[in-house]
Amino acid sequence: MGLWLGKNFKPVPISDQDKEIALIVWGFTLGFLYLTAWKTWKQTSKMQWRKRYMSTYVWLVWLEVFSNLCYAMSAWLYLMGRVEPGFWIFFFIWASWAFQIQCQTQIIINRINIILMNRRRAFLLRWITFSILLAIIIGVACIWIPAALQLDPIFASINAIYDKCEKVVYLGIDFFLNWFFVRTVKAQLVQQGIRKYDALVRFNVRIVFLSLAMDLLIIGMMFYPNPYVYLQFHPLAFTVKLNIELSMALLIAKIARTKDGADERDGDGGGLQYTSYELSGIIRDVKSGPGTLTASRTAADRDSGLRVMRTQEVNVDVESIGSAGNSAGGNGVPAGLDSDEAPLADEMEWGKMGHRAEFHGGA
């Protein structure tokens, strides 16, 4: 028998049906994991090696891939009877799950923080969410592991309620973060006239139902007679969630590098003219008036490796831009704008966006 089992420990019987379900789910998980790992490799392999190892986004997605693999493998070995019940197998499942939920949640927060201008709010969002999940993880360690070891019947009674509640809490966190992302994109991009991000909003609204369905699948399987079969569904659900996040990253990058055909912003009045230009992967939307320009500067996110809009209002002397709107310096940055905005964050699958300055309309 395994380490630290209760004195009256009785193994949970695993039927042939349980094993068949676990085997089918294990096969689907391996298939999705292969596709996910390949997609992750394509996204990260073209980055410069120094940025690759310093990028939070890269670490998060690869940790998520490996934690899903470790979770799926340990759950399958346990359900197949290849590993005896004991402290280490339950601890390994718990540790894999802990990395799994933290990394998945931080990946979502990472794409929110790319767009969110309020850095204090971004900081609080990241660490409050991390702290809530950490408290849940510690609670599971103190309740689920003793219940699995059958150290005392009281742990089993508490776990029957706590385990389902913490899954519902995670579903709520998942829903809130995706809702907050949609709200942030609408408020800081779409409502500012950058209509091309409507596609991102529509995609996220549709795909969030699939993400929430994965949470509901896990909760539903917790009512299956065998209390351990649901463990096999957990890595499958989170692999699907990771695929969603990788697709979101590609869509954000694709939209960010396209011109906004609806970016004319009719009806603003005031005799102001609008100009839009792209330079070294940076998209800038410029409002021109007498004497000055109010430019919404957009730069790549150095931490995540995603080139998307982050808007900051700055005043730029019209004379520094020039009447032709084409006076870029030697480093490809127009005079009057900070040169530290220019470098691309990372070279990912979508490749270099080029060094170009294109003006549409007069300034």
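Please refer to the structure placed before this passage.
Throughout what follows, the structure given in this document is the object of discussion. From a predicted model like this one, the values you see are computed outputs, not experimental measurements.

**Description of helix H3 (residues 56-79)**
Point 1. In this model H3 runs 34 Å from its N-terminal to its C-terminal C-alpha over 24 residues, within 8% of the 34 Å that 1.5 Å per residue would give.
Point 2. Near the N-terminus of H3, the side chain that reaches the backbone nitrogen of Tyr57, with its oxygen 3.3 Å away, is that of Ser55.
Point 3. Positive backbone phi, at 80°, marks Gly81, one or two positions downstream of H3.

**Some words on the packing of aromatic side chains**
The relation between two aromatic rings is expressed through the spacing of the ring centres and the mutual angle of the planes.
Point 1. Inspection of the entire model under this criterion finds 16 aromatic pairs.
Point 2. Plain terms: the ring middles of Trp88 and Phe91 are 6.0 Å apart, the flat faces sit at 85° to each other, and that makes the pair edge-to-face. One end of the pair is Trp88 and the other is Phe91, both in helix H4 (residues 87-115) and three residues apart, which spans about a single turn.
Point 3. A ring pair is formed by Tyr170 and Phe238, whose centres lie 5.5 Å apart and whose planes are at 40°; its orientation type is tilted. Placement of Tyr170 in helix H6 (residues 153-188) and of Phe238 in helix H8 (residues 230-256) is noted, with a sequence separation of 68 residues between them.
Point 4. Phe238 sits in the buried class, given a relative accessible area of 1%.
Point 5. The structure contains a cluster of three or more aromatic residues connected by ring pairs, namely Trp4, Phe87, Trp88, Phe91 and Trp94.
Point 6. A cation over an aromatic ring shows up here: Arg111 above the ring of Phe181, its NZ or CZ 4.5 Å from the ring centre.

**Section: helix H5 (residues 119-149)**
Point 1. Along its 31 residues, H5 runs 44 Å from first to last C-alpha, staying within 8% of the 45 Å computed at 1.5 Å per residue.
Point 2. Structurally, the start of H5 carries an N-cap: the backbone nitrogen of Arg120 is 3.1 Å from a side-chain oxygen of Asn118.
Point 3. Backbone geometry just after H5 places Gln150 at a positive phi near 60°.

Conventions used here
- Sequence order sets the numbering: in each chain, residues are counted from 1 along the sequence as written.
- With pLDDT at 70 or above as the cut-off, local features in this predicted model cover only qualifying residues; side-chain atom pairs require 80 or more to be listed or tallied, and sums for whole chains, interfaces and linings still use all residues.
- Side-chain metrics in this entry use all non-hydrogen atoms of the structure; hydrogen atoms and water are not considered.
- Comment: elements are numbered from the N terminus, with helices defined as DSSP H or I runs of at least four residues and strands as E runs of at least two.
- The span expected for a helix works out to 1.5 Å for each residue beyond the first.
- Polar contact is the term for a pair of N or O atoms within 3.5 Å; when the atoms are in protein, one must be able to donate a hydrogen and the other to accept it, and sequence-neighboring residues count only if both atoms are side-chain atoms.
- What counts as a ring pair is set by centres within 6.5 Å for rings of Phe, Tyr and Trp (its six-membered ring), and what kind of pair is set by the plane angle: stacked under 30 degrees, edge-to-face over 60, tilted for all other angles.
- Three labels apply to residues, based on accessible area from a 1.4 Å probe with only protein chains included: buried if under 20% of the type maximum, exposed if over 50%, partly exposed otherwise in between.
- Two conditions define a charge located above a ring, namely a distance within 6 Å from the ring centre to NZ of Lys or CZ of Arg, and an angle within 35 degrees of the ring normal.

Interpretation note: all reported values are geometric properties and have no functional meaning in isolation.
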